[in-house]
Amino acid sequence: MAFGGLFSTDIAIDLGTANTLIYVKGKGIILNEPSVVAYHVKDGKRQVLAVGEDAKLMLGRTPGSIEAIRPMREGVIADFDSAEQMIKHFLKKVFKRTSFSKPKVIVCVPHGATPVEKRAIRQSVLSAGARKAGLIAEPIAAAIGAGMPITEPTGSMVVDIGGGTTEVAVLSLGDVVYARSVRIGGDRMDDGIINYLRRNQNMLIGDSTAERIKTSIGTARMPDDGRGATLMVRGRDLLNGIPKEIEISQAMIAEALAEPMQAISEAVMVALESTPPDLAADIVDRGVILTGGGAMLGDLDLALREQTGLSITLADQPMSCVALGTGKALEYEKQLRHVIDYES
(Lines give C-alpha, C1' and ligand atoms only; values in the text may rest on other atoms or scores of the structure.)
Protein backbone atom coordinates (compact mmCIF):
# COMPACT_ATOMS: atom_id res chain seq x y z
CA MET A 1 0.00 0.00 0.00
CA ALA A 2 1.45 3.32 -1.11
CA PHE A 3 1.91 6.09 1.40
CA GLY A 4 -0.50 8.31 -0.52
CA GLY A 5 -3.13 5.64 -0.14
CA LEU A 6 -3.29 6.26 3.59
CA PHE A 7 -5.01 9.59 3.14
CA SER A 8 -7.10 8.89 0.09
CA THR A 9 -10.76 8.12 0.45
CA ASP A 10 -12.30 5.57 -1.85
CA ILE A 11 -15.58 6.61 -3.38
CA ALA A 12 -18.28 5.07 -5.53
CA ILE A 13 -20.23 7.09 -8.06
CA ASP A 14 -23.60 6.28 -9.56
CA LEU A 15 -23.45 8.50 -12.61
CA GLY A 16 -27.08 8.51 -13.62
CA THR A 17 -28.96 10.19 -16.43
CA ALA A 18 -31.18 12.01 -13.96
CA ASN A 19 -29.27 11.97 -10.65
CA THR A 20 -25.68 11.43 -9.58
CA LEU A 21 -25.06 9.82 -6.20
CA ILE A 22 -21.73 9.59 -4.43
CA TYR A 23 -20.93 7.02 -1.78
CA VAL A 24 -17.88 7.51 0.42
CA LYS A 25 -16.30 4.41 1.92
CA GLY A 26 -17.19 4.19 5.59
CA LYS A 27 -19.67 7.06 5.43
CA GLY A 28 -22.44 5.96 3.08
CA ILE A 29 -24.20 8.09 0.48
CA ILE A 30 -23.35 11.71 1.09
CA LEU A 31 -24.37 13.36 -2.16
CA ASN A 32 -27.48 12.97 -4.28
CA GLU A 33 -28.00 15.67 -6.87
CA PRO A 34 -29.51 16.00 -10.34
CA SER A 35 -27.05 15.48 -13.22
CA VAL A 36 -27.33 18.97 -14.66
CA VAL A 37 -24.71 21.61 -15.45
CA ALA A 38 -25.53 25.25 -16.16
CA TYR A 39 -23.11 27.41 -18.12
CA HIS A 40 -22.81 31.13 -18.58
CA VAL A 41 -21.93 31.70 -22.23
CA LYS A 42 -20.00 34.82 -23.14
CA ASP A 43 -18.22 35.37 -26.48
CA GLY A 44 -18.41 31.64 -27.12
CA LYS A 45 -16.64 30.80 -23.83
CA ARG A 46 -18.50 28.64 -21.34
CA GLN A 47 -18.15 29.23 -17.62
CA VAL A 48 -19.75 26.87 -15.13
CA LEU A 49 -22.48 28.75 -13.31
CA ALA A 50 -24.19 26.06 -11.26
CA VAL A 51 -24.21 22.29 -10.94
CA GLY A 52 -26.77 19.87 -9.54
CA GLU A 53 -29.82 21.07 -7.64
CA ASP A 54 -29.34 24.77 -8.52
CA ALA A 55 -28.79 24.00 -12.19
CA LYS A 56 -31.87 21.78 -12.38
CA LEU A 57 -34.11 24.71 -11.44
CA MET A 58 -32.76 26.49 -14.53
CA LEU A 59 -33.64 23.71 -17.00
CA GLY A 60 -36.14 25.02 -19.54
CA ARG A 61 -36.12 28.50 -17.99
CA THR A 62 -32.82 29.94 -19.21
CA PRO A 63 -32.15 33.22 -21.03
CA GLY A 64 -29.92 33.24 -24.10
CA SER A 65 -26.74 33.83 -22.13
CA ILE A 66 -27.15 30.76 -19.93
CA GLU A 67 -27.44 27.16 -21.03
CA ALA A 68 -28.42 24.24 -18.84
CA ILE A 69 -27.13 20.89 -20.03
CA ARG A 70 -27.76 17.33 -18.95
CA PRO A 71 -24.42 15.71 -19.76
CA MET A 72 -25.75 12.14 -19.46
CA ARG A 73 -28.16 10.71 -22.01
CA GLU A 74 -29.49 7.16 -21.87
CA GLY A 75 -27.05 6.16 -19.17
CA VAL A 76 -23.92 7.21 -21.05
CA ILE A 77 -22.04 10.45 -21.53
CA ALA A 78 -23.43 12.72 -24.24
CA ASP A 79 -21.40 15.84 -23.49
CA PHE A 80 -17.89 14.95 -22.38
CA ASP A 81 -16.71 18.34 -21.09
CA SER A 82 -19.86 18.98 -19.08
CA ALA A 83 -19.71 15.52 -17.55
CA GLU A 84 -16.13 16.15 -16.47
CA GLN A 85 -17.03 19.54 -14.97
CA MET A 86 -19.96 17.99 -13.15
CA ILE A 87 -17.93 15.14 -11.63
CA LYS A 88 -15.20 17.61 -10.65
CA HIS A 89 -17.73 19.82 -8.92
CA PHE A 90 -19.36 16.94 -7.03
CA LEU A 91 -15.98 15.60 -5.90
CA LYS A 92 -15.07 19.08 -4.63
CA LYS A 93 -18.33 19.17 -2.75
CA VAL A 94 -17.67 15.78 -1.17
CA PHE A 95 -14.10 16.60 -0.13
CA LYS A 96 -14.68 20.02 1.38
CA ARG A 97 -10.96 20.64 1.69
CA THR A 98 -8.37 19.64 -0.84
CA SER A 99 -7.70 16.01 -0.02
CA PHE A 100 -4.12 14.77 0.27
CA SER A 101 -4.27 12.46 -2.69
CA LYS A 102 -6.53 11.43 -5.50
CA PRO A 103 -9.34 9.04 -4.58
CA LYS A 104 -9.92 5.63 -6.09
CA VAL A 105 -13.30 5.62 -7.76
CA ILE A 106 -15.72 2.93 -8.87
CA VAL A 107 -18.40 4.01 -11.33
CA CYS A 108 -21.28 1.97 -12.61
CA VAL A 109 -22.07 1.75 -16.32
CA PRO A 110 -25.14 0.35 -18.07
CA HIS A 111 -24.68 -3.24 -19.16
CA GLY A 112 -25.34 -2.32 -22.77
CA ALA A 113 -22.70 0.39 -22.96
CA THR A 114 -20.22 0.03 -25.82
CA PRO A 115 -16.46 0.01 -25.13
CA VAL A 116 -16.27 3.58 -26.43
CA GLU A 117 -18.94 4.76 -24.01
CA LYS A 118 -17.22 2.94 -21.15
CA ARG A 119 -13.94 4.57 -22.02
CA ALA A 120 -15.62 7.99 -22.07
CA ILE A 121 -16.96 7.43 -18.55
CA ARG A 122 -13.60 6.21 -17.28
CA GLN A 123 -11.73 9.11 -18.94
CA SER A 124 -14.03 11.76 -17.53
CA VAL A 125 -13.70 10.35 -14.01
CA LEU A 126 -9.92 10.19 -14.32
CA SER A 127 -9.62 13.71 -15.67
CA ALA A 128 -11.91 14.93 -12.89
CA GLY A 129 -9.17 13.86 -10.50
CA ALA A 130 -9.42 10.16 -9.70
CA ARG A 131 -6.32 8.05 -9.08
CA LYS A 132 -7.83 5.04 -10.76
CA ALA A 133 -11.31 4.31 -12.00
CA GLY A 134 -13.05 0.93 -11.93
CA LEU A 135 -16.27 0.16 -13.75
CA ILE A 136 -19.02 -2.12 -12.48
CA ALA A 137 -22.09 -3.24 -14.42
CA GLU A 138 -25.19 -1.41 -13.25
CA PRO A 139 -27.45 -4.45 -12.76
CA ILE A 140 -24.86 -6.10 -10.51
CA ALA A 141 -24.59 -2.93 -8.42
CA ALA A 142 -28.38 -2.64 -8.23
CA ALA A 143 -28.72 -6.25 -7.07
CA ILE A 144 -26.04 -5.84 -4.40
CA GLY A 145 -27.69 -2.63 -3.22
CA ALA A 146 -31.09 -4.29 -3.01
CA GLY A 147 -29.53 -6.96 -0.78
CA MET A 148 -29.89 -9.90 -3.15
CA PRO A 149 -27.64 -12.93 -2.52
CA ILE A 150 -25.83 -12.61 -5.84
CA THR A 151 -22.77 -14.68 -4.92
CA GLU A 152 -24.82 -17.82 -4.32
CA PRO A 153 -25.55 -20.36 -7.07
CA THR A 154 -29.19 -19.37 -7.36
CA GLY A 155 -30.81 -17.15 -9.94
CA SER A 156 -31.83 -13.63 -8.98
CA MET A 157 -33.53 -11.23 -11.33
CA VAL A 158 -33.26 -7.49 -11.02
CA VAL A 159 -35.02 -4.80 -13.05
CA ASP A 160 -33.37 -1.41 -12.71
CA ILE A 161 -35.41 1.42 -14.21
CA GLY A 162 -33.31 4.56 -14.35
CA GLY A 163 -33.71 7.91 -16.02
CA GLY A 164 -32.30 6.83 -19.36
CA THR A 165 -32.09 3.05 -19.43
CA THR A 166 -33.87 0.02 -18.06
CA GLU A 167 -31.58 -2.86 -17.21
CA VAL A 168 -33.02 -6.32 -16.86
CA ALA A 169 -30.55 -8.90 -15.60
CA VAL A 170 -30.46 -12.44 -14.30
CA LEU A 171 -27.55 -12.95 -11.92
CA SER A 172 -25.98 -16.03 -10.42
CA LEU A 173 -22.64 -16.72 -8.71
CA GLY A 174 -21.78 -13.03 -8.60
CA ASP A 175 -21.99 -12.38 -12.32
CA VAL A 176 -24.42 -11.74 -15.13
CA VAL A 177 -26.06 -14.76 -16.72
CA TYR A 178 -28.23 -12.73 -19.04
CA ALA A 179 -28.68 -9.00 -19.22
CA ARG A 180 -30.53 -6.70 -21.50
CA SER A 181 -30.38 -2.95 -21.53
CA VAL A 182 -33.27 -1.06 -23.13
CA ARG A 183 -32.80 2.64 -23.64
CA ILE A 184 -36.13 3.52 -22.09
CA GLY A 185 -36.52 5.04 -18.65
CA GLY A 186 -37.92 7.98 -16.75
CA ASP A 187 -37.07 10.44 -19.53
CA ARG A 188 -39.03 8.44 -22.06
CA MET A 189 -41.99 8.41 -19.68
CA ASP A 190 -41.85 12.21 -19.44
CA ASP A 191 -41.76 12.44 -23.24
CA GLY A 192 -44.75 10.13 -23.42
CA ILE A 193 -46.74 12.46 -21.15
CA ILE A 194 -45.69 15.53 -23.17
CA ASN A 195 -46.66 13.92 -26.49
CA TYR A 196 -49.96 12.64 -25.14
CA LEU A 197 -51.03 16.07 -23.89
CA ARG A 198 -49.91 17.65 -27.14
CA ARG A 199 -51.96 15.21 -29.23
CA ASN A 200 -55.07 14.82 -27.11
CA GLN A 201 -55.40 18.09 -25.20
CA ASN A 202 -53.65 20.46 -27.61
CA MET A 203 -51.46 21.64 -24.80
CA LEU A 204 -47.71 22.00 -24.63
CA ILE A 205 -45.90 21.44 -21.34
CA GLY A 206 -42.21 21.44 -20.46
CA ASP A 207 -40.01 18.64 -19.17
CA SER A 208 -40.15 19.73 -15.54
CA THR A 209 -43.95 19.88 -15.59
CA ALA A 210 -44.11 16.43 -17.15
CA GLU A 211 -41.81 15.10 -14.44
CA ARG A 212 -44.01 16.66 -11.76
CA ILE A 213 -47.10 14.99 -13.25
CA LYS A 214 -45.28 11.65 -13.36
CA THR A 215 -44.16 11.81 -9.74
CA SER A 216 -47.44 13.04 -8.31
CA ILE A 217 -50.13 11.06 -10.17
CA GLY A 218 -48.15 8.82 -12.53
CA THR A 219 -49.46 5.29 -12.75
CA ALA A 220 -48.57 2.28 -14.86
CA ARG A 221 -52.02 0.76 -15.13
CA MET A 222 -55.57 2.00 -15.63
CA PRO A 223 -57.17 3.03 -12.33
CA ASP A 224 -60.03 0.72 -11.34
CA ASP A 225 -62.68 3.43 -11.61
CA GLY A 226 -61.43 4.43 -15.06
CA ARG A 227 -60.42 7.91 -13.92
CA GLY A 228 -58.30 7.97 -10.75
CA ALA A 229 -56.82 11.00 -9.04
CA THR A 230 -56.64 14.29 -10.90
CA LEU A 231 -54.18 17.17 -11.06
CA MET A 232 -54.40 20.71 -12.42
CA VAL A 233 -51.70 21.30 -15.02
CA ARG A 234 -50.65 24.57 -16.56
CA GLY A 235 -49.12 24.87 -20.00
CA ARG A 236 -49.47 26.59 -23.35
CA ASP A 237 -52.55 26.08 -25.49
CA LEU A 238 -51.45 25.12 -29.00
CA LEU A 239 -54.60 26.44 -30.67
CA ASN A 240 -54.32 30.09 -29.67
CA GLY A 241 -50.90 30.16 -27.99
CA ILE A 242 -52.17 31.36 -24.62
CA PRO A 243 -51.14 29.67 -21.35
CA LYS A 244 -54.01 27.81 -19.74
CA GLU A 245 -54.79 25.29 -17.03
CA ILE A 246 -56.49 21.94 -17.51
CA GLU A 247 -57.31 19.01 -15.29
CA ILE A 248 -55.72 15.68 -16.12
CA SER A 249 -56.58 12.31 -14.61
CA GLN A 250 -54.58 9.18 -13.84
CA ALA A 251 -56.39 7.37 -16.65
CA MET A 252 -54.83 9.79 -19.16
CA ILE A 253 -51.38 9.27 -17.70
CA ALA A 254 -51.76 5.48 -17.76
CA GLU A 255 -52.58 5.79 -21.45
CA ALA A 256 -49.64 8.15 -22.04
CA LEU A 257 -47.22 5.75 -20.36
CA ALA A 258 -48.53 2.65 -22.10
CA GLU A 259 -45.73 2.57 -24.67
CA PRO A 260 -42.68 2.78 -22.36
CA MET A 261 -44.39 0.34 -20.00
CA GLN A 262 -44.89 -2.09 -22.87
CA ALA A 263 -41.19 -1.89 -23.72
CA ILE A 264 -40.14 -2.51 -20.12
CA SER A 265 -42.38 -5.53 -19.65
CA GLU A 266 -41.24 -6.87 -23.02
CA ALA A 267 -37.61 -6.67 -21.86
CA VAL A 268 -38.56 -8.62 -18.74
CA MET A 269 -40.33 -11.28 -20.82
CA VAL A 270 -37.40 -11.66 -23.23
CA ALA A 271 -35.01 -11.99 -20.27
CA LEU A 272 -37.17 -14.74 -18.78
CA GLU A 273 -37.27 -16.56 -22.13
CA SER A 274 -33.48 -16.49 -22.42
CA THR A 275 -32.81 -17.75 -18.89
CA PRO A 276 -31.61 -21.36 -18.39
CA PRO A 277 -34.43 -23.47 -16.93
CA ASP A 278 -32.90 -24.07 -13.50
CA LEU A 279 -32.31 -20.38 -12.95
CA ALA A 280 -35.79 -19.62 -14.22
CA ALA A 281 -37.12 -21.97 -11.56
CA ASP A 282 -35.23 -19.99 -8.91
CA ILE A 283 -36.72 -16.76 -10.22
CA VAL A 284 -40.28 -18.12 -9.97
CA ASP A 285 -39.45 -19.05 -6.41
CA ARG A 286 -37.67 -15.80 -5.52
CA GLY A 287 -39.50 -13.25 -7.62
CA VAL A 288 -38.11 -10.14 -9.28
CA ILE A 289 -36.78 -7.05 -7.54
CA LEU A 290 -37.40 -3.58 -8.95
CA THR A 291 -34.82 -0.85 -8.33
CA GLY A 292 -34.10 2.60 -9.74
CA GLY A 293 -36.03 5.85 -9.55
CA GLY A 294 -38.39 4.79 -12.34
CA ALA A 295 -39.55 1.86 -10.22
CA MET A 296 -41.34 4.31 -7.92
CA LEU A 297 -43.99 4.92 -10.57
CA GLY A 298 -47.37 4.11 -9.06
CA ASP A 299 -48.65 0.54 -9.49
CA LEU A 300 -45.65 -0.42 -11.61
CA ASP A 301 -45.13 -3.62 -9.65
CA LEU A 302 -48.80 -4.51 -10.07
CA ALA A 303 -48.70 -3.88 -13.81
CA LEU A 304 -45.63 -6.10 -14.22
CA ARG A 305 -47.17 -8.76 -12.00
CA GLU A 306 -50.25 -8.83 -14.22
CA GLN A 307 -48.11 -9.26 -17.32
CA THR A 308 -45.60 -11.81 -16.06
CA GLY A 309 -47.41 -13.62 -13.25
CA LEU A 310 -44.25 -13.48 -11.10
CA SER A 311 -44.06 -11.99 -7.65
CA ILE A 312 -42.51 -8.56 -8.06
CA THR A 313 -41.21 -6.52 -5.15
CA LEU A 314 -39.93 -2.99 -4.93
CA ALA A 315 -36.54 -2.58 -3.25
CA ASP A 316 -36.35 -0.61 0.00
CA GLN A 317 -34.71 2.55 -1.32
CA PRO A 318 -35.06 2.16 -5.07
CA MET A 319 -33.33 5.46 -5.87
CA SER A 320 -30.13 4.68 -4.02
CA CYS A 321 -29.79 0.92 -4.65
CA VAL A 322 -27.20 1.29 -7.38
CA ALA A 323 -25.08 3.71 -5.37
CA LEU A 324 -25.27 1.50 -2.28
CA GLY A 325 -24.33 -1.54 -4.33
CA THR A 326 -21.39 0.24 -5.96
CA GLY A 327 -20.32 1.32 -2.48
CA LYS A 328 -20.55 -2.23 -1.17
CA ALA A 329 -18.40 -3.32 -4.09
CA LEU A 330 -15.79 -0.91 -2.69
CA GLU A 331 -16.05 -2.35 0.80
CA TYR A 332 -15.90 -5.97 -0.37
CA GLU A 333 -13.56 -5.45 -3.28
CA LYS A 334 -11.71 -8.73 -2.70
CA GLN A 335 -14.78 -10.94 -3.17
CA LEU A 336 -16.16 -8.90 -6.05
CA ARG A 337 -12.94 -8.18 -7.90
CA HIS A 338 -14.06 -10.12 -10.99
CA VAL A 339 -16.99 -7.77 -11.58
CA ILE A 340 -14.97 -4.57 -11.23
CA ASP A 341 -13.06 -3.72 -14.36
CA TYR A 342 -10.03 -1.44 -14.00
CA GLU A 343 -8.59 -1.87 -17.49
CA SER A 344 -10.13 -1.17 -20.83
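Residues numbered from 1 in each chain as written. Predicted model: local features only at pLDDT ≥ 70, side-chain atom pairs only at ≥ 80, totals over all residues. Heavy atoms only, no water.

As recorded by an unreviewed UniProt entry, the protein carries the name Cell shape-determining protein MreB and is attributed to Paracoccus homiensis. Regarding the protein, the UniProt comment filed under Subcellular location (unreviewed entry) reads as follows: "Cytoplasm". (UniProt positions renumbered as here; feature names shortened; annotations may be inferred.)

## Observations regarding the overall build of the protein
When helices and strands are tallied, the protein shows 11 helices and 19 strands. Its C-alpha radius of gyration of 21 Å places the protein within 12% of the 20 Å reference for a compact globule of 344 residues. Reported as C-alpha extents along the three principal axes, the dimensions of the protein are approximately 65 × 60 × 30 Å. The buried share of the protein, reckoned over its 344 residues, is 51%. Counting contacts in the protein only where the partners sit at least 6 residues apart, residues at least 24 apart contribute 62% of the total. Carbon and sulfur atoms make up 51% of the accessible area of the protein, which totals about 15,900 Å². When the 38 basic and 42 acidic side-chain charges of the protein are each reduced to a single mean position, those positions are 8 Å apart. (Helix = DSSP H or I, 4+ residues; strand = E, 2+ residues; numbered from the N terminus. Rg over C-alpha atoms; globule rule 2.2 N^0.38 Å. Buried < 20%, exposed > 50% of the residue type's maximum accessible area, 1.4 Å probe, protein only. Contact = heavy atoms within 4.5 Å. Areas by Shrake-Rupley, 256 points an atom, 1.4 Å probe, with all protein chains shown as cover. Lys, Arg positive; Asp, Glu negative; His and termini not counted. Charge placed at Lys NZ, Arg CZ, Asp CG, Glu CD.)

## Structural notes on the pairing of strand 12 (residues 166-172)
Among the seven residues that make up strand 12, seven are buried, leaving the element largely enclosed by the rest of the structure. Neither face of strand 12 is exposed, since Thr-166, Val-168, Val-170 and Ser-172 on one face and Glu-167, Ala-169 and Leu-171 on the opposite face are all buried. Two elements, strand 11 (residues 156-161) and strand 12, share six bridges in a ladder whose sense is antiparallel. Paired with Asp-160 across the bridge in strand 12 is Glu-167. Here strand 11 hands over to strand 12 after four residues, the two strands then running antiparallel side by side. Of the pairings in the sheet, the one linking strand 12 to strand 13 (residues 175-182) comprises seven bridges and is antiparallel in character. Considered in strand 13, the bridge of Ser-172 is made with Asp-175. (Pairing = 2+ DSSP bridges.)

## Quick look at the sheet that holds strand 6 (residues 66-69)
Here three strands make up an open sheet; going across it, the order is 5-4-6 and the pairing antiparallel. Bordering the open sheet on either side are strand 5 (45-51) and strand 6, each of which pairs with just one other strand. Between one strand axis and the next, the sheet turns through 30 degrees on average, direction left out of account. In the packing of helix 2 (residues 80-94) onto the sheet, contacts are made with strand 4 (37-42), strand 5 and strand 6, and the angle to strand 5 comes to roughly 40 degrees. (Axes fitted to C-alpha atoms, helices over the stretch in contact; angles between N-to-C directions.)

## Brief notes about the UniProt feature "binding site: ATP" (unreviewed entry) in the protein
Listed under "binding site: ATP" (unreviewed entry) in the UniProt record, and renumbered for this structure, are Thr-17, Ala-18, Asn-19, Gly-163, Gly-164, Thr-165, Glu-211, Arg-212, Ile-213 and Lys-214. Locating Gly-163 in the fold gives a position in the loop between strand 11 and strand 12. Those residues in contact with Gly-163 that lie beyond four places of it in its chain are Thr-17, Ala-18, Gly-185, Gly-186 and Asp-187. For Thr-165, the contacting residues outside a window of four places in its chain are Glu-74, Gly-75, Pro-110, Glu-138, Asp-160, Ser-181, Val-182, Arg-183 and Ile-184.

## Quick notes on the sheet that holds strand 19 (residues 340-341)
Strand order in the open sheet formed by six strands is 3-2-1-9-10-19, with mixed pairing between adjacent strands. Here the strands that pair on one side only, and so sit at the sheet edges, are strand 3 (28-34) and strand 19. In the sheet, strand 10 (residues 132-137) pairs with strand 19 via two bridges, with the strands oriented antiparallel. In the strand pairing of strand 19, Ile-136 is matched with Ile-340. Packed on one face of the sheet, helix 2 meets strand 1 (11-15), strand 2 (19-24) and strand 3 and runs near 140 degrees to strand 3. Relative to strand 10, helix 3 (residues 115-127) is tilted by about 145 degrees, and along the sheet it contacts strand 1, strand 9 (104-109), strand 10 and strand 19.

## A short note on the packing of aromatic side chains
Applying the stated criterion across every chain, the model contains zero aromatic pairs. Positioned over the ring face of Tyr-39 is Arg-46, at 4.2 Å from the centre of the ring. (Phe/Tyr/Trp six-rings, centres within 6.5 Å; stacked < 30°, edge-to-face > 60°. Lys NZ or Arg CZ within 6 Å of the ring centre and 35° of its normal.)

## Comments concerning helix 8 (residues 258-273)
Relative to the 22 Å expected for 16 residues at 1.5 Å per residue, helix 8 spans 22 Å between its end C-alpha atoms, a close match to the ideal helical length. Residues of helix 8 that are buried include every one of Pro-260, Met-261, Ala-263, Ile-264, Ser-265, Ala-267, Val-268 and Ala-271, and no others. Of the surrounding secondary structure, the elements contacted by the buried residues of helix 8 are strand 11, strand 12, strand 13, helix 5 (186-201), helix 7 (250-256) and helix 10 (300-308). (Expected span 1.5 Å × (residues − 1).)

## Observations concerning the packing of helix 4 (residues 138-145) against helix 11 (residues 321-331)
Two elements in contact, helix 4 and helix 11, have axes separated by 6 Å at closest approach and are oriented at 90 degrees. Accordingly, the angle class assigned to the pair helix 4 and helix 11 is roughly perpendicular. Contacts between helix 4 and helix 11 involve Glu-138, Ala-141, Ala-142, Ile-144 and Gly-145 from the first element and Cys-321, Val-322, Leu-324, Gly-325, Thr-326 and Lys-328 from the second. (Parallel < 35°, antiparallel > 145°, perpendicular 65-115°, else oblique.)

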